[in-house]
Amino acid sequence: MKLNMNTSFTQNTSSQSLLILVDSEQVQQAATTYSINDLAQLTQATQFKASLNETLPLIGQIENATNSTLVGIGKAADITANKLAKIAQTIIKATQKKFQSISIDISALPQEQHYLFALSLTQAAYGYDEFKSKKNEFVLNEIQLIASNSPLTAEQLRLIEAVELGQSYARDLGNRPGNICFPEYLAEQAQALAAEFPDLLKVTVLDEQQIADLGMGAFLAVSKGSDRPGRIITLEYQAERAEAPVVLVGKGITFDTGGISLKPGAGMDEMKYDMCGSASVLGTMRALCEAKLPIHVVGTIAAAENMPSGGATRPGDIVTTMSGQTVEILNTDAEGRLVLCDTLTYVKRFNPAIVIDIATLTGACVVALGSVLTGMFTPDDKLAQEIESAGKTAFDRVWRMPVIEDYQEQLDSPFADIANIGGPKAGSVTAACFLQRFTRDYRWAHLDIAGTAWNSGANKGATGRPVPLLMQLLVNRVNNG
Ligand code: BES
Ligand code: MN
Ligand code: ZN
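Anyway, here's the lowdown on the structure attached to this text. None of these values were measured; they are calculated from a predicted model. (Residues numbered from 1 in each chain as written. Chains lettered and ligands numbered in written order. Predicted model: local features only at pLDDT ≥ 70, side-chain atom pairs only at ≥ 80, totals over all residues. Heavy atoms only, no water.)

**Some points on helix α6 (residues 183-196)**
Argument step 1. Helix length check: α6 (14 residues) gives 20 Å between terminal C-alpha atoms against 20 Å at 1.5 Å per residue, within 8%.
Argument step 2. Those residues of α6 that fall on the buried side of the exposure criterion are P183, Y185, L186, A187, Q189, A190, L193 and A194.
Argument step 3. Contacts made by the buried residues of α6 are with α5 (154-175), β7 (201-206), β8 (231-237), β9 (246-256), α9 (276-291) and β10 (297-306). (Helix = DSSP H or I, 4+ residues; strand = E, 2+ residues; numbered from the N terminus. Expected span 1.5 Å × (residues − 1). Buried < 20%, exposed > 50% of the residue type's maximum accessible area, 1.4 Å probe, protein only. Contact = heavy atoms within 4.5 Å.)

And the structure:
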């Protein structure tokens, strides 16, 4: 989506449709700005109150704008980020299939909301129809924002475009089914991305032999049940920079059947989304390249498929991880922590400033936080604050959950150093505690996106979260030196 900013709507504005946001406390403001003579009669006759998402089409009332619509936002002072997203969706839904270019007068919005509103518009315009014979007729590709006085800079508009490209890429990858998107496919995607930005990205792909040579017994315990071989994929952004990198680690289970601890059938198709953590790493890498942020970032993806077969891991099997710790695999459906633990050991070689892993790790996190907030786990208060604040700015929010030693004993095993499940209580916490045993050598945070990576039901589809959060965190790091 192309984004522009103008101070006023003029004859030269090459837009096909004009939408004007209207504060319910100042409905007549539109009449003044756009010289609409009979607005009072119109609102009287239609009972238009400019309440949230209420629309009023105008026909011929505004000069140079044959198609224009008033869009109510309720009381401007009561607008929240959540309402902004709803307004954006209303506007996109009404115009996406009809107009190539729209103008939106956002003067009624509080200035500090301009950035998020613009971002919400680009996010609302996403659609996925790759495997439909009849394609969606989305034609909208340009949005002009109008505000007499906006803090939004051209640089911020470019950043929003970059975030949207990265997020949409993550959504596309997430939505692709398991028969298309499997570990080698993710490796090809990373290679294609690196080929697109050869000056910015370096790619490395480890095959199963190399993974075995590194001693990653936990990773292989997951991938060995599948005919599709696993891969560990690393993209390094601006490798020549001297500073220690931010390292992102993504869970990339391209399909999670549960393995021998097979999942129930209902809704299992959604386990194609079990690679959304890795999709968010690829999406963030794309966004970084588009925005050309000056920062050193490494993204590593643990890509495997969790299948039951004659070669699959059995409950009770014991493996040795790259760290040397042994794991008793009591439940093969707790596979995310198995591929992640070895990958978290592997990334030590990058001497990370911080490591953030992103994973659709536990159903328990969905029970705890639903689909609003991502679960954040870190023993590092400063890092927690940094992630929380980036999430707020980007409206891609997290909620801090505990990782404290008291839960570790739930992972005791009679036969190995650690069990891969911690029983029915605090499932998302014990999953984080498992990962913590492999991350003691650096600053680390874990994001459980099981509830936020995709929507179920009528709006089924990947959300591309937490690409906006991760990009905001990187932007903040650049700005704060
Ligand atoms: N990928 C799932 C977690 C998941 C479940 C995400 C539902 C989103 C929706 C993960 O691999 C898993 O199966 N976790 C188990 C862990 C359990 C066996 C300790 C879970 O949450 O049930
Ligand atoms: Mn699982
Ligand atoms: Zn899983």
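There is more to say, and it comes next.
**A short note on the site of ligand 1**
Argument step 1. Close to ligand 1 lie 16 residues, the nearest being K263, D274, D333, E335 and G363.
Argument step 2. The side chain of K251 places a nitrogen or oxygen atom 3.2 Å from an oxygen atom of ligand 1.
Argument step 3. Measuring from an oxygen atom of ligand 1, one finds a side-chain N or O atom of D333 at 2.8 Å.
Argument step 4. Isolated, ligand 1 exposes 520 Å² of accessible area, and the fraction of that covered by the protein chains is 76%. (Near = heavy atom within 4 Å. Polar contact = N/O pair within 3.5 Å; in protein donor to acceptor, adjacent residues only side chain to side chain. Areas by Shrake-Rupley, 256 points an atom, 1.4 Å probe, with all protein chains shown as cover.)

**As for the coordination of the manganese ion (ligand 2)**
Argument step 1. For the manganese ion (ligand 2), every protein donor is listed as D256 (OD), D333 (O), D333 (OD) and E335 (OE), and the spread of their distances is 2.1 to 2.2 Å.
Argument step 2. If you look at the manganese ion (ligand 2), its six donor atoms make angles of 69 to 167° with each other, and the shape they trace is irregular.
Argument step 3. Mapped onto the sequence, the donors of the manganese ion (ligand 2) take the spacing D-x76-D-x1-E.
Argument step 4. Distance-wise, the zinc ion (ligand 3) is placed 3.1 Å from the manganese ion (ligand 2), both being coordinated by D256. (Donors = N, O, S within 2.8 Å, 3.2 Å for Na, K, Ca; no water. Tetrahedral: all angles 85-135°; square planar, octahedral: opposite > 155°, others 65-115°.)

**With respect to helix α12 (residues 381-393)**
Argument step 1. The end-to-end C-alpha distance of α12 is 19 Å, a good match for the 18 Å that 13 residues give at a rise of 1.5 Å each.
Argument step 2. Turning to α12, its buried residues number three or more, namely L383, A384, E386, I387, A390 and G391. Buried residues of α12, viewed axially, fall in a sector of 165°; they line one side. Within α12, the exposed residues directed more than 90 degrees away from the buried face are D381, K382, Q385 and K392.
Argument step 3. In this structure, the buried residues of α12 make contact with β13 (354-359), β14 (374-377), β15 (398-401), β17 (444-448) and α14 (467-479). (Arc of directions from axis to C-beta.)

**Looking at the pairing of β9**
Argument step 1. Taking burial as the measure, the eleven residues of β9 include eleven buried ones, the bulk of the element.
Argument step 2. In this sheet, β10 lies alongside β9 in parallel orientation, the contact comprising ten bridges. By the bridge assignment for β10, D256 is matched with N306.
Argument step 3. Tracing the backbone out of β9, into α9 and back to the parallel element β10 gives a crossover that is right-handed.
Argument step 4. Two strands pair when backbone bridges link them, and β9 and β13 are joined in this way by five bridges, in the parallel orientation. Along β13, the bridge assignment pairs V246 with I354. (Pairing = 2+ DSSP bridges. Right-handed = clockwise from strand over helix to strand, strands pointing away.)

**Let's talk about the packing of α6 against α9**
Argument step 1. Here α6 crosses α9 at 5°, and the two axes come no closer than 11 Å. Relative to α9, α6 is oriented roughly parallel. In contact with L186, A190, L193 and E196 of α6, α9 contributes S278, L282, M285 and R286.
Argument step 2. Class assignment of the residues belonging to the contact of α6 with α9 gives a composition of five nonpolar, one polar and two charged. (Axes fitted to C-alpha atoms, helices over the stretch in contact; angles between N-to-C directions. Parallel < 35°, antiparallel > 145°, perpendicular 65-115°, else oblique. Nonpolar A, V, L, I, M, F, W, Y, C, P; charged D, E, K, R; others polar.)

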